[in-house]
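# Coordinate inspection notes
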2 protein chains.
Amino acid sequence: MAHFTHHSEENYLKTLFKLESRQDKKVNNTALAKALNLNPATVLEMIRKLTDRKMVQLKPDKSIQLTEKGKKKALLTIRKHRLWEVFLVEKMNYKWNEVHELAEQLEHIESADLVDRLDGFLGNPPFDPHGDPIPDKNGKIKPNLSVPLSDCIPGKNYTVINLIDTSDEFLQFLGKLNILPGRRIKLLEKLKYDNSFSVEVQEKTVQFSEKVAKNILVQSV
Amino acid sequence: MAHFTHHSEENYLKTLFKLESRQDKKVNNTALAKALNLNPATVLEMIRKLTDRKMVQLKPDKSIQLTEKGKKKALLTIRKHRLWEVFLVEKMNYKWNEVHELAEQLEHIESADLVDRLDGFLGNPPFDPHGDPIPDKNGKIKPNLSVPLSDCIPGKNYTVINLIDTSDEFLQFLGKLNILPGRRIKLLEKLKYDNSFSVEVQEKTVQFSEKVAKNILVQSV
DNA sequence: CATTTTTATTTGGTATACCAAATTTTTTAT
DNA sequence: ATAAAAAATTTGGTATACCAAATAAAAATG
């Protein structure tokens, strides 16, 4: 029977990739351990293995950096994760905020071919249900041209692309407002009085704070 | 991150179930080790763990027997495996003899709910692509009423249900004859001369040995 | 029934992937 | 510059799941 070869490797690489791209700060052992919810000793040990495997580099200042090889593997894992998320939402009728754990399991299925077939089966979706772009089979990812709603111009129409805060609480709140990735919305006005936002969603007008607006990424239509 | 708790347990239980149902002989450590392609020491160790978990019983004569709990878990694993096989063939356009390894991975995804949804999505198929029956969500399996073609009556029509030998070689051979699970065939005659079989498949007449006929399970139409 | 042969079991290892606690090194702040 | 805080590292463990080789027990066979 096949072994679960380097099953956790994908989690490390994926998390490293996210940390590297989300912040401009360098990633250190502590940060990675925190992100993975693991003991620093464990992470250090694993980073050394990943260094041997040429997946990461340990810089002289002790920051951890993905190599090209590591970055590609991370992106392919992200591809798997996001495609399975689309599958779960589109075909298995899960809600977009219910699929993370399952996709976390499915992303470790080893078969590039299956993932490519899944991609085709789903109609080569460019985004996952959270609005995150899906890397192609070579690990190339389209730069996301979306901007926070808080930076947008009143009177214009936008498509919701992605959410920065993906906490359950926030997603529930947006759910009530009927806002989700893919939804067309119109920014009505930014109220000077309290910096709140007025937005048209499916023929209804809703209000929310600037904090919320900062967490909604949109693309102009 | 979630652990791969008892990931191999499912393989042991599944294999045990198959050994128990395929032969009337009792299953001993050696047989199980051979079936799993593992060292007997490893298997013995694991069987003790499974005994602690009330999945199997070690009989005084040292034969290994699944408990009800173990049998149910085995059947639910088989359910997962077979449903994923249907998915791979029906939706991912794999050929029926290409899906085993992948299903072997997918069957370990932990979510009874996902499997039930998958079942619905696939239209509650009663059989997998090899013709094996798919247990329901409670682990109940319909008794297979099929018989080997070698025991059938010339002149009657049958549906191919299942194959006993699932080696690539055999499947390739049957592929050339256009015989696969689900196919309607007519047994023309059993030739006394060399015990060979003459069968009508899709308006064509094909011949094969008794050995082949013994490995094709059919149901009368 | 004694001897092979087979099966079961024990023993001492391995690899992966974790952890807690102690220690060392580095950074930060006074 | 030095004390305190933070980060990195080492050390000694754990659990799962494997193996090879030695030994013991059971079964088969002459």
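These notes cover the structure that comes with them.

Regarding its fold elements, chain A presents eight helices and eight strands. A principal-axis box enclosing the C-alpha atoms of chain A has dimensions of 55 × 40 × 25 Å. In chain A, which comprises 221 residues, the share counted as buried stands at 46%. The long-range fraction of contacts in chain A, counting pairs at least 24 apart against all pairs at least 6 apart in sequence, stands at 62%.

Of all residues adjacent to DNA strand D, which total 20 residues, the nearest are Thr30(A), Leu44(A), Arg48(A), Asn39(B) and Thr42(B). In the environment of DNA strand D, a phosphate oxygen lies 3.5 Å from a nitrogen or oxygen atom belonging to the backbone of His7(B). At the level of elements, helix H2 (29-36) and helix H3 (40-52) of chain A together with helix H3 (40-52) of chain B are the ones that each hand at least two residues to the surface near DNA strand D.

A word on helix H6 (residues 112-121) of chain B. Buried within H6(B) are the following residues: Leu114(B), Val115(B), Leu118(B) and Asp119(B). All buried residues of H6(B) fall inside an arc of 145° around its axis, so they share one side. Buried-residue contacts for H6(B) involve helix H4 (68-90) and helix H5 (100-106) of chain A together with helix H4 (68-90) of chain B.

Here the focus is the sheet that holds strand E5 (residues 184-190) of chain A. All names here are of chain A. Pairing within the open sheet is antiparallel, and its six strands lie in the order E3-E8-E4-E5-E6-E7. Of all the strands in the sheet, just strand E3 (147-148) and strand E7 (204-208) have a single pairing partner and so form its edges. Of the pairings in the sheet, the one linking strand E4 (residues 157-163) to E5 comprises three bridges and is antiparallel in character. Bridge pairing in E5 links Tyr158 to Ile185.

This brings us to the packing of aromatic side chains. If you walk through the whole model with that rule in mind, you get eight aromatic pairs over all chains. When the centroid spacing of 5.4 Å and the interplanar angle of 85° are considered together, the rings of Trp84(A) and Phe87(A) count as edge-to-face. Here Trp84(A) and its partner Phe87(A) are both found in helix H4, three residues apart, which amounts to about one turn of the helix. Given a relative accessible area of 0%, Phe87(A) falls into the buried group. Seen in terms of ring centroids, Phe121(A) and Phe87(B) are 6.4 Å apart; in terms of plane orientation they differ by 90°. Their pairing is edge-to-face. Separated into two different chains, Phe121(A) in helix H6 (residues 112-121) and Phe87(B) in helix H4 make up a pair that spans both. Overall, the relative accessible area of 24% leaves Phe121(A) in the partly exposed class. Lys91(A) extends its terminal NZ or CZ atom over the ring of Phe121(A), reaching a point 4.9 Å from the ring centre. The lysine or arginine in question, Arg117(B), covers the ring of Tyr94(A), its NZ or CZ lying 3.7 Å from the ring centre.

Moving on, we get to the sheet that holds strand E6 (residues 197-201) of chain B. Here six strands make up an open sheet; going across it, the order is E3-E8-E4-E5-E6-E7 (chain B) and the pairing antiparallel. Only two strands of the sheet have a single partner each, and these edge strands are strand E3 (147-148) and strand E7 (204-208) of chain B.

Opposite the 25 residues of chain B that make contact, chain A presents 25 residues. A buried area of about 2,300 Å², summed over both sides, lies between chain B and chain A, and 69% of it is on carbon and sulfur atoms. Counting across the interface, chain B meets chain A through zero salt bridges. At the surface where chain B touches chain A, the tally comes to ten residue pairs in polar contact (both at pLDDT 80 or more). Breaking the side of chain B that touches chain A down by element, the ones donating at least two residues are H4, helix H5 (100-106) and H6 of chain B.

A few words on the packing of H4(B) against H6(B). Angle between the axes and distance between the axes: these two values describe a pair of packed helices. All names here are of chain B. Look at H4 against H6: their axes get within 10 Å of each other, and the N-to-C directions meet at 40°. Overall, the two elements H4 and H6 adopt an arrangement that is oblique. Note on packing geometry: the crossing formed by H4 with H6 is left-handed. Touching Arg79, Lys80, Leu83, Trp84 and Phe87 of H4 are Leu114, Val115, Asp116, Leu118, Asp119 and Phe121, all from H6.

With that settled, the discussion passes to unusual backbone geometry. All names here are of chain B. You will see that Asn124, though not glycine, has its phi angle at about 45°, which is positive. Secondary-structure assignment places Asn124 in the loop between H6 and E3. Its identity as a non-glycine residue notwithstanding, Glu203 has a phi of 65°, on the positive side. By the secondary structure assignment, Glu203 is in the loop between E6 and E7.

A separate point is the relation of the copies chain B and chain A. Note on the identical chains: chain B maps onto chain A by a rotation of 180° and an axial translation of 0.1 Å, with an RMSD of 0.3 Å. On the angle and the small slide along the axis, the relation comes out as a two-fold axis. When each C-alpha of chain B is compared by its distance to the rotation axis, Leu106(B) comes out closest, at 3.8 Å. In this assembly the copies share their binding face: 100% of the residues contributing to the interface of chain B also contribute to that of chain A.

Parameters and conventions
Residues numbered from 1 in each chain as written. Chains lettered and ligands numbered in written order. Predicted model: local features only at pLDDT ≥ 70, side-chain atom pairs only at ≥ 80, totals over all residues. Heavy atoms only, no water. Helix = DSSP H or I, 4+ residues; strand = E, 2+ residues; numbered from the N terminus. Buried < 20%, exposed > 50% of the residue type's maximum accessible area, 1.4 Å probe, protein only. Contact = heavy atoms within 4.5 Å. Near = heavy atom within 4 Å. Polar contact = N/O pair within 3.5 Å; in protein donor to acceptor, adjacent residues only side chain to side chain. Arc of directions from axis to C-beta. Pairing = 2+ DSSP bridges. Phe/Tyr/Trp six-rings, centres within 6.5 Å; stacked < 30°, edge-to-face > 60°. Lys NZ or Arg CZ within 6 Å of the ring centre and 35° of its normal. Buried area = accessible area lost by both parts, 1.4 Å probe. Salt bridge = Lys/Arg side-chain N within 4 Å of Asp/Glu carboxyl O. Axes fitted to C-alpha atoms, helices over the stretch in contact; angles between N-to-C directions. Parallel < 35°, antiparallel > 145°, perpendicular 65-115°, else oblique. Left-handed = near helix turned anticlockwise from the far one by under 90°. Least-squares fit on C-alpha atoms with pLDDT ≥ 70 in both.

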